[in-house]
Amino acid sequence: MLRPVHRWIWSDFDRRVRKLLLFAEVETDGGRDILRAAEVPPDPLLRRLYLEHAIDELRHGDLFRERGAALLQSSGPRHRTFFSGTPLPGGHGLDDLRVEGEPDHRLLAFLHVAEKAAASRFTIYRECVDDDPPTKAIFEQILRDEVFHMNYTYTQLARVSPESYRWQVWRARASRLWNRYLRLAAAIADLIGGAILTVMYFVLLPPFAWMARRAERRTPPGWTPISREHQDSLTSQY
Amino acid sequence: MKILGISAHYHDSAAALVVDGLPVCAVQEERLSRRKHDAGFPLSAIEWCLDHAGLQPDDLDAVVFYERSMLKFERILTCALRAFPRSWSSFPHAIKNSLGEKVWVRGIISSQLGVPRKKILCTAHHASHAAAAFLTAPTRRAAIITADGVGEWATLTVGHGERKADGSTDITLLREIRFPHSLGMLYSTFTAFLGFNVNEDEYKVMGLAGYGQPTMMDQIGQVIRRTPDGAFALVPDYFEFQTTAGRSYSAKFVELFGPPRKPFDPIDPDTSDGRRFADCAASVQRVLEDTLVDLARTLHAETGLTDLCLGGGVALNGLANARILAESGFERVFVPSAPGDAGCALGAALYADRLYFKNPDREIPDHPFWGPAVDAKELARVASEDSQSVEELDEPALIDRIADELAAGKIVGWMDGASEFGPRALGHRSILAAPHAREMRDRLNRDIKYREDFRPFAPVTPIETADRYFELPPGGARLARFMSGVFPVRPEWRSKLAAITHVDGTARLQALERPMAPRLYALLEAYGRRSGVPVLLNTSFNVAGEPIVNRALEGYSTFRRCGIDALVAGQVVVTKRQGGQA
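Note that this is a predicted model, so its numbers are computed, not measured.

## Brief notes about the interface of chain B and chain A
Between chain B and chain A, the residue contacts involve 55 residues of the former and 47 residues of the latter. The set of elements that each furnish at least two residues to the side of chain B that touches chain A consists of helix H3 (69-82), helix H4 (90-100), strand S5 (120-122), strand S8 (169-178), helix H13 (341-356) and helix H21 (552-561) of chain B. Split by residue class, the side of chain B that touches chain A holds 27 nonpolar, 10 polar and 18 charged. Strand direction decides the pairing type here: strand S1 (residues 223-225) of chain A and S8(B), joined by three bridges, are antiparallel. By the bridge assignment, A:Pro225 is partnered in S8(B) with B:Arg175.

## Digging into the pairing of strand S18 (residues 459-462) of chain B
Residues and elements named next belong to chain B. Bridge count between S18 and strand S22 (residues 536-540): two bridges; the pairing is antiparallel. Its bridge partner being in S22, Val460 is matched across the sheet by Leu536. Bridge count for S18 against strand S21 (residues 510-512) is three bridges, and the pairing is parallel. Residue pairing across strands places Pro462 opposite Leu512, the latter belonging to S21.

## A few points about the sheet that holds strand S4 (residues 62-65) of chain B
All names here are of chain B. If you trace the five strands from one edge of the open sheet to the other, you get S3-S2-S1-S4-S5, paired in mixed fashion. Whereas interior strands pair on both sides, the edge strands pair on one side only; in this sheet they are strand S3 (22-28) and S5. When strand polarity is set aside, the average angle formed by the axes of neighbouring strands in this sheet is 20°. Contacts from helix H2 (residues 43-53) reach strand S1 (2-7), strand S2 (14-19) and S3 within the one sheet, and its direction differs from that of S3 by about 145°. This element, H13, spans S1, S2, S3, S4 and S5 of the sheet and lies at about 145° to S1.

## A short note on the confidence of the model for chain A
Residue and element names in this part refer to chain A. Across chain A, the average pLDDT comes to 86, with 90% of residues at or above 70. Across chain A, the element-wise mean pLDDT spans from 79 in helix H8 (residues 228-232) up to 95 in S1. Contacts of residues 77-95 to residues separated by more than four positions or lying in other chains number 29 contacts, the stretch itself having pLDDT below 50.

## Brief notes about the sheet that holds strand S11 (residues 307-311) of chain B
As summarised here, the arrangement of the six strands in space is S1(A)-S8(B)-S7(B)-S6(B)-S11(B)-S12(B), forming an open sheet in which the pairing is mixed. Bordering the open sheet on either side are S1 of chain A together with strand S12 (332-334) of chain B, each of which pairs with just one other strand. Pairwise comparison of adjacent strand axes, ignoring direction, gives a mean angle of 25° for this sheet. Here seven bridges tie strand S6 (residues 141-147) of chain B to strand S7 (residues 154-163) of chain B, and the two strands are oriented antiparallel to one another. Across the sheet, B:Ile144 pairs through a bridge with B:Gly159, a residue of S7(B).

## Here's the deal with the pairing of S4(B)
Residues and elements named next belong to chain B. Judged by which residues are buried, S4 turns out to be covered on both faces: Ala62 and Val64 on one side and Val63 and Phe65 on the other are all buried. The pairing of S1 with S4 spans four bridges and is classified as parallel. Note that in S4 the partner of Ile3 across the bridge is Ala62. Two strands pair when backbone bridges link them, and S4 and S5 are joined in this way by three bridges, in the parallel orientation. By the bridge assignment, Val63 is partnered in S5 with Ile120.

## A look at the packing of H3(B) against H4(B)
Residues and elements named next belong to chain B. Relative to each other, H3 and H4 sit at 170°, their axes nearing to 11 Å. In terms of their interaxial angle, H3 and H4 are classed as roughly antiparallel. In contact with Phe73, Ile76 and Ala80 of H3, H4 contributes Phe91, Ala94 and Ser98. The class makeup of the residues in the contact of H3 with H4 is five nonpolar, one polar and no charged.

## Description of the environment of B:Phe470
Looking at the secondary structure, you find B:Phe470 in the loop between helix H17 (466-469) and helix H18 (476-479). For the pair B:Phe470 and B:Asp394, spaced 76 residues apart in sequence, the C-alpha to C-alpha distance is 33 Å.

## Quick word on the domain arrangement of chain B
All names here are of chain B. With domains assigned, chain B is organised as domain 1 (2-136 + 341-366), domain 2 (183-333) and domain 3 (371-575). Of all the secondary-structure elements, those providing two or more residues to the side of domain 1 that touches domain 3 are S3, helix H1 (29-33) and H13. Tallied by class, residues from the side of domain 1 that touches domain 3 come to five nonpolar, one polar and four charged.

Rules used throughout
- Residues numbered from 1 in each chain as written.
- Chains lettered and ligands numbered in written order.
- Predicted model: local features only at pLDDT ≥ 70, side-chain atom pairs only at ≥ 80, totals over all residues.
- Contact = placed C-beta atoms within 7 Å.
- Helix = DSSP H or I, 4+ residues; strand = E, 2+ residues; numbered from the N terminus.
- Nonpolar A, V, L, I, M, F, W, Y, C, P; charged D, E, K, R; others polar.
- Pairing = 2+ DSSP bridges.
- Axes fitted to C-alpha atoms, helices over the stretch in contact; angles between N-to-C directions.
- pLDDT = per-residue confidence, 0-100.
- Buried ≥ 20, exposed ≤ 12 C-beta atoms within 10 Å, placed from the backbone.
- Parallel < 35°, antiparallel > 145°, perpendicular 65-115°, else oblique.
- Domains from an automatic or database assignment.

Here it is as structure tokens:
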């Protein structure tokens, strides 16, 4: 249903670069999270599989980063100040993944659902970059890995939780939906909060801004003495 | 008296515990959460500290936060007001960011730990830096300089500290330079301009400086000027960090220095752009050094003291530290192992102990190893389960075996005892290698650390032999104790120490005393017997973008996925089975 939107996103050079670099961060962060998982469980087989999975994700991050960087370098002066400050948005790839204290079956179900969702998105993206064979090749390579990730997580889930593995997958799906809802709600709240603060900024702040600037003019740069009482008072937050 | 120190909410959160005047433990949150520069509330670090000491939160006499959050909020609000209406887009974010969590720090600590609010204290940010620098240093009286990006309002302070004969302690901060006039922010602005991450990659600017010449001093003179009272001021037109969090420098800055580097562009000093970037780095580095040396010289003349304690993130600049030692008149310069914000957790706790509760001074062990200890049995178990080659050797055999491996060009992951507090690996969580060939540096950058070609590696050598290979000024060995100074490699040794000699002929040396890390010291001696040069390349045990390893399992997983040949924890040695990496 959203294919035209994805095609529109990937058709633009800047957006494509931005997406690739964002994926690089997401895959790398996800890889680090899974790496953390590989350092926790007592089950040696799971630990080995998680490690392999983490290495794949970190490699995917590198692939995306190198491709994004190559596209950036191939761009002309139009893109010279494309990233002038912090280059990438923050955020963790698998930001819902809590490794410590999570039982194996929950972690495996989470990973399985996440990998399946990622695979379906990457399949669409692969189709959107027909005009860009190197990027398409990266998606193809990653999709092959995702199949392995989906399979091993499901197989291991069935092994560690033979009675309830289907239920665990459904539960992970529901949890994913709930988290999406929470993220959306938080984003809307953030938007509303931002709008209210912006209105307050223009309505309430002008006289205080005038006073602050006036006070600033009276304070020359250079050394300011430090009051001993202020330094020694540990009960005040001011 | 049991005092917990906490730093959080900006970068490098940490917790430190002081019991009866002595540090018991200290750890950065990133080492436990495994998120580099983790700025979140350091609950894991606090829990570990309390567990390690066998305490419950109720047992604490005080919890000390490292800065005054409301004063910091005042600065953020004032800066937004001063920049009206240009600050309209950053204002909502700044307010939400502060009001969301940061200003309620007392309530957060109280609710997370269940301690009453009256037990929660706050030191001033730079007082925490000053305490971390002075109270951990083996000196009776010293001048103090702290410098970083910004604390509450202060960006740089000067003062002095004294341990008195009656056991009391005094730290007096005399004066400060206030935001937005900040050497740390100046350096960070160039860090952003050069395409690196602010608050993370400043050391890359220092590395890049070695490739350039300070040809842009005049331009930098236009963005920072000295004030008549001997301080300095940034010229606001060139900067935007004071009005927005999204961008550090203005269009006028770009007019002066040219287009910024794109973050993913390779840096090639042979191209004109590459030379310009390297020259920018060299110029801002020179300005930073000149300014700090001048401030230190003035403070030396004013106090007449022979020792100087440096704190704050700027004290991680080893080139500047070495010049301060050589040129300011101070005979000894002390920099703690964690001079940045993480170290403030320890500084805040010590400040409260000595100056607020007025407890008598106690001599603090002069080492950086306050973190969790490595469990060699855990490594042996996990590696055996994965069918890796695992050996448990007695001490002499292990040292000989590892020295042989290093002499054969192998790369060794070395974990020993408690982890370091601070950003440097000082011999307990290190990757070690032979320092002789340039190819070793390239191999480490390419196969192990996955980082830029231009970045140098550091050497470690016994303190007794340091002067043979490096040009150390008087007091240099002390500065090199925690790898806080950059010194020239003696010309006759540069070709034989090519992997650790930077392009400008310098190295960030660690001069090791036997009592601080006796096993690494023994390894250096054994390696020296084989190679004739008791110097090893010592880099932090991590790969790019990850915190230094903490537990044996983290060392093991790093070992499995990069080109490290052998891994040591305690008496256990693991080597890769045929087939290589995971």
